[in-house]
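For reference, the chains in residue letters:
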Amino acid sequence: MIVFLCGIPASGKSTYSKKFVLDHRGWYRISRDEIRVGEWNSDQEKKVIEYEIEFAWNIMANVIIDDTNLSPNSVSYILKSLDGLEEQKKLIIIDTPIEECIKRNSERKNNVPDNVILEMKQKFDKNINRLKSMFKSNYTVNNYSDFKQCLLLQTDNKKPTKK
């Protein structure tokens, strides 16, 4: 399975995915923020993500892509490389109230300006229905317990199917 996380900054995407991967075998986390630290250009970033997905599936791990994933275009190039695997592609929307995201963000070392979070929330609201339509399965959660339950119910200890 490949799970795309979607949510605004400080909604809990990285916190939830890191904790889940540490606590559950058979999962591999791909963080686009960590890939971007390498100052890749867009094409290089795509290749790194494709390589990491292939690596994860070669070791029989399910994948969590930890990123805002607010733009349908940023998601579509990965989905295209997974044609024929509709049952394996899931979207989990982390729906944390904007006030909580701004509060969490203010406590971060490298925080994002509040106006950027507000702009990303508008983008999220504008694009969410289009993003949902790109997946056969999508789920909305607002806490770690629901996030974990959603992933565990979906996998039921199944390993990914390779192309």
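Described in the following lines is the structure provided in the data block. Residue positions are given per chain, counting from 1 as you read along its sequence in written order. Where local features are concerned, this predicted model is filtered to residues with pLDDT of at least 70; where side-chain atom pairs are given and counted, the filter is 80 or more; whole-chain, interface and lining totals use all residues. No hydrogens and no water enter the side-chain calculation; it runs on all heavy atoms of the structure.

Here we look at helix α5 (residues 98-106)
An α-helix turns once every 3.6 residues. As a result, residues three or four positions apart point the same way.
Here's step 1: Buried residues of α5: I98, C101 and N105, and no others. Viewed along the axis of α5, the buried residues span an arc of 55°, placing them on a single side of the element.
Here's step 2: Should any heavy atoms of two residues lie within 4.5 Å, those residues are considered in contact. Only DSSP runs of H or I covering at least 4 residues are called helices, and only runs of E covering at least 2 are called strands; the numbering of each starts at the N terminus. Each element contacted by the buried residues of α5 is listed here: α6 (114-133). Exposure is judged per residue with a 1.4 Å probe applied to protein chains only, and the accessible area is read against the type maximum: over 50% gives exposed, under 20% gives buried, and values in between give partly exposed. Taken from the helix axis, the directions to the C-beta atoms give the arc we talk about.

What about the packing of aromatic side chains?
Here's step 1: Here is the rule: rings of Phe, Tyr and Trp (six-membered ring for Trp) pair when centre to centre is within 6.5 Å. Planes less than 30 degrees apart are stacked, more than 60 are edge-to-face, and the remainder are tilted. Within the structure shown, the criterion is met by 7 aromatic pairs.
Here's step 2: Ring centres 6.1 Å apart and planes at 85° place the aromatic pair F20 and F147 in the edge-to-face group. Within this pair, whereas F20 is found in helix α1 (residues 13-23), its partner F147 is found in helix α7 (residues 144-155), the two being separated by 127 residues in sequence.
Here's step 3: Taking the relative accessible area as the measure of exposure, F20 reaches 0% and is therefore buried.
Here's step 4: The exposure class of F147 is buried, given its relative accessible area of 0%.
Here's step 5: Considering the side-chain rings of Y144 and F147, the 6.1 Å spacing of their centres and the 40° angle between planes classify their relative orientation as tilted.

Observations concerning the environment of N142
Here's step 1: Tracing the chain through its elements places N142 in the loop between β5 (137-141) and α7.
Here's step 2: By relative accessible area, which is 46% here, N142 ends up partly exposed.
Here's step 3: Taking C-alpha positions, N142 is 5.4 Å from T96, a pair spaced 46 residues apart along the chain.
Here's step 4: Those residues in contact with N142 that sit more than four places away from it in its chain are Y16 and D95.
Here's step 5: Any pair of N or O atoms that falls within 3.5 Å is considered a polar contact. Within protein, one atom must be able to donate a hydrogen and the other to accept it, and sequence-neighbouring residues count only if both atoms are side-chain atoms. Side chain to side chain, N142 and N143 meet in a polar contact 3.1 Å long.

Topic: the sheet that holds β5
Here's step 1: Two strands qualify as a pair provided that DSSP identifies no fewer than 2 bridges between them. As summarised here, the arrangement of the 5 strands in space is β2-β3-β1-β4-β5, forming an open sheet in which the pairing is parallel. Across the chains shown, the open sheet's two edge strands, defined by having one partner strand only, are β2 (27-31) and β5. The average undirected angle you get between the axes of adjacent strands in this sheet is 20°.
Here's step 2: Of the pairings in the sheet, the one linking strand β4 (residues 89-94) to β5 comprises 5 bridges and is parallel in character. Its bridge partner lying in β5, L91 is registered against N138.
Here's step 3: Strands β1 (2-6), β2, β3 (62-66) and β4 of the sheet are contacted by α1, whose axis makes an angle of about 155° with β2.
Here's step 4: Note on method: axes are straight lines fitted to C-alpha atoms, helices fitted across the in-contact stretch only, with angles between N-to-C directions ranging 0 to 180 degrees. Sheet strands in contact with helix α4 (residues 72-80) are β1, β3 and β4, and its direction is about 180° off that of β1.

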